[in-house]
Amino acid sequence: MKKIIIWTMLFVGLIQNSAKSQGPPITGDKPIMLGSDSWIVKTLTEIRNTEGGNFSAAPLMLHYLPTANALIGIHIPLVNTNFEGRERNQFLGDVELLAKYQFYRKDGMGKTFRLVVKTLQMLPTGKQLALEGISMGTYQSYTGFIAGYESLKYGISNEIGYSFQPTGEMDDLRYKLSFGLPLMKPSYPVKKVNLYFEYQSSWFVSINEYLLLYAQGVQYAKGQFTIEAAIQFPLIQTSSQQRLERNYSVFLGSRYIF
Amino acid sequence: MKNIIIITTAIIISAMNSNIAIAQNDQLDQFTVKVEGLGCPFCAYGLEKKFNEFKEIDEVKIEMETGVMTFSYPSTERLTMEKVEQQVDAAGYTAVHVKVNRADGSVEETSLGQVGEVDESQLVEESFYVAGNCGMCKARIEKTSESIAGVASANWNKKSKILTVKFDKSQTSKENIEQRIAEVGHDTKSAKAIDATYGSLPGCCQYERRN
């Protein structure tokens, strides 16, 4: 019964939000790129509260677009861990290398639909803490596809992909769905406030565990600067490690494009 | 007396400045570009950033709701519509219409994707010489021709250098097509590309020019 209610709420949420949404997501990814020879510097700190303690990852992300349909990037995270009953720790997390290639584009007046293939290579520079998204300490290779439609009134971003790990233990099939709602009339120069509604689903194939997260965020952009904040909480989680079960996460981010 | 001299001097300087401004404005080409794919204000930022690579660009404005970008550019640089389209593409968007009001009073306009909107009964076929070397030249010559309103098809033969073009004679003319091809850097018998445009062609496209 609980599951039926959750799925009904999700469905209703999707229907409502899909009718009036726009903009790049916060916890998800987007298929739109900002023109060749552009740079994006951003951060998106996650502060996660779990049954076993508090953890945070503050990555410095640098993205470069060599062409209008390609992006390369590096993410260098600083991780803080505070397991209950243990000392607080700070260390370098798993460095990530990102590449995206947009292979389809269909433009219309004030709207666009794009398809992007994406790969994310996570290097084992962090500690082996099995904190997915914060510090795994093992090599991971993710490949995914992003499909996004964005207009001055509507914006939907979908991402589906598979994360592979040499041991296979934490392989997961991911799906992300993001919607935004512009609160201001679109104008240029950039000045906007958007609300976001984002869903993330992970199925850990080998251990047969499932995680469904929902995030609600707000973003303010002016000129080349953007600041954003979101709160994410689990709708469904089946975990064998109860101490790592999530209660909520807070995201705080900023972006600068040039 | 002192005040009169100061005011008179100020009026003269102001008048001179306004004359200079008018003269400078006369030397600017005014561009209007309709762009598809601008789904959010950041897209417009990406577009403007790309166009700022044209160092002397000025007065850039983008209307989000209509997708219309306007800007001015020194007429001496003779910025072509093809370069504008390429720049929009490099920004990751699609130009569907470009209009230039040249400083000399002439107006150039392209409306992409109009093939098929020609009046079949007005169709004529013409073949003429167009200088060029390679596959890139072929693509440029044919794309430029087909972007002209009224042109139904264009085929350039790399060996013979002959362009065969079918067009609606009520919408355009052979002379107009030749002129537009010259504007992107390819000489024809009756229209020559300016040296700067020829010089900006990729190395493989720089054909041997006839005097």
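Residue numbering note: each chain is counted from 1, following its sequence as written. Going through the entries in the order they are written, you letter the chains from A and number the ligands from 1. Whole-chain, interface and lining totals are the exception, using all residues; otherwise, since this is a predicted model, local features are given only for residues with pLDDT of at least 70 and side-chain atom pairs are given and counted only at 80 or more. Computation of side-chain values: all heavy atoms of the structure, hydrogens and water removed.

Draft legend 1. Examining the overall build of chain A more closely. Elements are defined by DSSP. Helices are runs of H or I of four residues or more, strands are runs of E of two residues or more, and each kind is numbered from the N terminus. Secondary structure assignment for chain A yields one helix and 13 strands. Listed N to C, the secondary structure of chain A is α-β-β-β-β-β-β-β-β-β-β-β-β-β in terms of helices and strands. Per-residue accessibility, obtained with a 1.4 Å probe over protein chains only, is compared with the maximum for each type, and a residue is labelled buried under 20%, exposed over 50%, and partly exposed between these values. Across the 258 residues that make up chain A, the buried fraction comes to 52%. Taking the contacts inside chain A whose residues are at least 6 apart along the sequence as the reference set, 55% of them involve residues at least 24 apart. Areas reported here follow the Shrake-Rupley algorithm with a probe of radius 1.4 Å; residue values treat only the protein chains shown as occluding. When the accessible surface of chain A is split by element, carbon and sulfur atoms take 63% of a total near 12000 Å². Contact between two residues is taken to exist if any of their heavy atoms lie within 4.5 Å; hydrogens are not considered.

Draft legend 2. Spatial organisation of the packing of helix α4 (residues 135-146) of chain B against helix α5 (residues 174-183) of chain B. Residue and element names in this part refer to chain B. Running from N to C, α4 and α5 cross one another at 135 degrees; their axes reach a closest spacing of 9 Å. When the axes of α4 and α5 are compared, the pair comes out oblique. As α4 runs across α5, the sense of the crossing is right-handed. Taken together, the residues of α5 that come into contact with α4 (itself represented by I141, T144 and S145) are I177, R180 and I181. Polar here means any residue outside two lists: the nonpolar Ala, Val, Leu, Ile, Met, Phe, Trp, Tyr, Cys and Pro, and the charged Asp, Glu, Lys and Arg; Gly therefore counts as polar. Across the contact of α4 with α5, the residue classes tally to three nonpolar, two polar and one charged. To get an axis, fit a line to the C-alpha atoms, keeping to the stretch in contact for a helix; angles then go from 0 to 180 degrees between the N-to-C directions. Here the angle decides the label: under 35 degrees means roughly parallel, over 145 means roughly antiparallel, 65 to 115 means roughly perpendicular, and every other value means oblique. Handedness of each helix crossing follows the sense of rotation of the near helix against the far helix: counterclockwise by less than a right angle gives left-handed, clockwise gives right-handed.

Draft legend 3. Inspection of the confidence of the model for chain B at higher detail. All names here are of chain B. Per-residue confidence from the predictor is reported as pLDDT, a score between 0 and 100. Confidence in the prediction for chain B averages 82 pLDDT; 84% of positions are at 70 or higher. The low-confidence segment residues 18-24 (pLDDT under 50) makes zero contacts with residues lying over four places distant or belonging to another chain. We note a pTM of 0.68 for the whole complex and an ipTM of 0.75 for its interfaces.

Draft legend 4. Fine view of α5(B). Within the sequence span of α5(B), burial applies to I177(B), E178(B), R180(B), I181(B), A182(B) and E183(B). Immediately downstream of α5(B), the backbone of G185(B) shows phi near 115 degrees, a positive value.

Draft legend 5. Focus on the nonpolar core. For this analysis, a nonpolar core means a set of buried residues of the types Ala, Val, Leu, Ile, Met, Phe, Trp, Tyr and Cys, connected via side-chain atoms within 4.5 Å. Among the nonpolar cores identified, the biggest contains 44 residues, and V33(B), L47(B), F51(B), F71(B) and Y93(B) are the most heavily contacted of them. At the level of secondary structure, the elements contributing two or more residues to this core comprise β6 (111-122) and β7 (140-151) of chain A together with β1 (28-36), α2 (41-51), β3 (68-74), α3 (81-91) and β4 (94-101) of chain B. Here the element with the most residues in this core is α2(B); it accounts for six residues. Counting 21 residues, the second largest nonpolar core, distinct from the first, contains I177(B), I181(B), A193(B) and Y207(B).

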